[in-house]
Amino acid sequence: MAIFKCEKCGSTKEGRCKPKKCADCGGSDCMIKKEEQSSGCGCGCSCKGKK
């Protein structure tokens, strides 16, 4: 999962795909990928909890 942030209003949205428009301000093509969220062990590595 990734977190996308609106460049116009700063609102964030979690999802797999980039939203076409911001749910809060309605701006189109303004969502940028902020960070990836791992569903793994929480240490930030790429092990995905498989230790």
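Okay, so let's go over this structure. None of the values given here were measured: they were computed from a predicted structure. (Residues numbered from 1 in each chain as written. Predicted model: local features only at pLDDT ≥ 70, side-chain atom pairs only at ≥ 80, totals over all residues. Heavy atoms only, no water.)

### What to know about the sheet that holds strand β3 (residues 31-36)
Step number 1: Pairing is antiparallel in the open sheet, where three strands are placed in the order β2-β1-β3. Looking at strand neighbours, the two that pair on one side only are β2 (12-15) and β3, the edges of this open sheet. Within this sheet the neighbouring strands show an average axis-to-axis angle of 30°, counted without direction. (Pairing = 2+ DSSP bridges. Helix = DSSP H or I, 4+ residues; strand = E, 2+ residues; numbered from the N terminus. Axes fitted to C-alpha atoms, helices over the stretch in contact; angles between N-to-C directions.)

### Overview of the pattern of salt bridges
Any two side chains of opposite charge can pair, so long as their charged atoms come close to each other.
Step number 1: According to the stated counting rule, one finds one salt bridge in the structure shown.
Step number 2: Where Lys18 meets Asp29, a salt bridge forms, and the shortest distance between an N and an O atom there is 3.6 Å. Placement of Lys18 in the loop between β2 and β3 and of Asp29 in the loop between β2 and β3 is noted, with a sequence separation of 11 residues between them.
Step number 3: Judged by its relative accessible area of 60%, Asp29 falls in the exposed class. (Salt bridge = Lys/Arg side-chain N within 4 Å of Asp/Glu carboxyl O. Buried < 20%, exposed > 50% of the residue type's maximum accessible area, 1.4 Å probe, protein only.)

### Digging into the nonpolar core
Step number 1: In terms of nonpolar packing, the biggest core is built from six residues, these being Ala2, Phe4, Cys6, Cys22, Cys30 and Met31.
Step number 2: Beyond its immediate chain neighbours, meaning those up to four positions away, Cys6 contacts Ser11, Cys22, Cys25, Cys30 and Met31. (Core = buried A, V, L, I, M, F, W, Y, C linked by side-chain atoms within 4.5 Å. Contact = heavy atoms within 4.5 Å.)

### Describing the pairing of β2
Step number 1: For strand β1 (residues 2-6) and β2, the ladder comprises four bridges, and the chain directions are antiparallel. Within the sheet, the bridge partner assigned to Ile3 lies in β2 and is Glu14.
Step number 2: Taken together, β1 and the strand that follows it, β2, pair antiparallel across an intervening segment of five residues, in which Gly10 is found at a positive phi of about 90°.

### Quick notes on the side chain of Ser11
Step number 1: When you line up the elements, Ser11 lands in the loop between β1 and β2.
Step number 2: Assessed through its relative accessible area of 15%, Ser11 is described here as buried.
Step number 3: Of the polar contacts made by the side chain of Ser11, one reaches the side chain of Asp24; its length is 2.6 Å. (Polar contact = N/O pair within 3.5 Å; in protein donor to acceptor, adjacent residues only side chain to side chain.)

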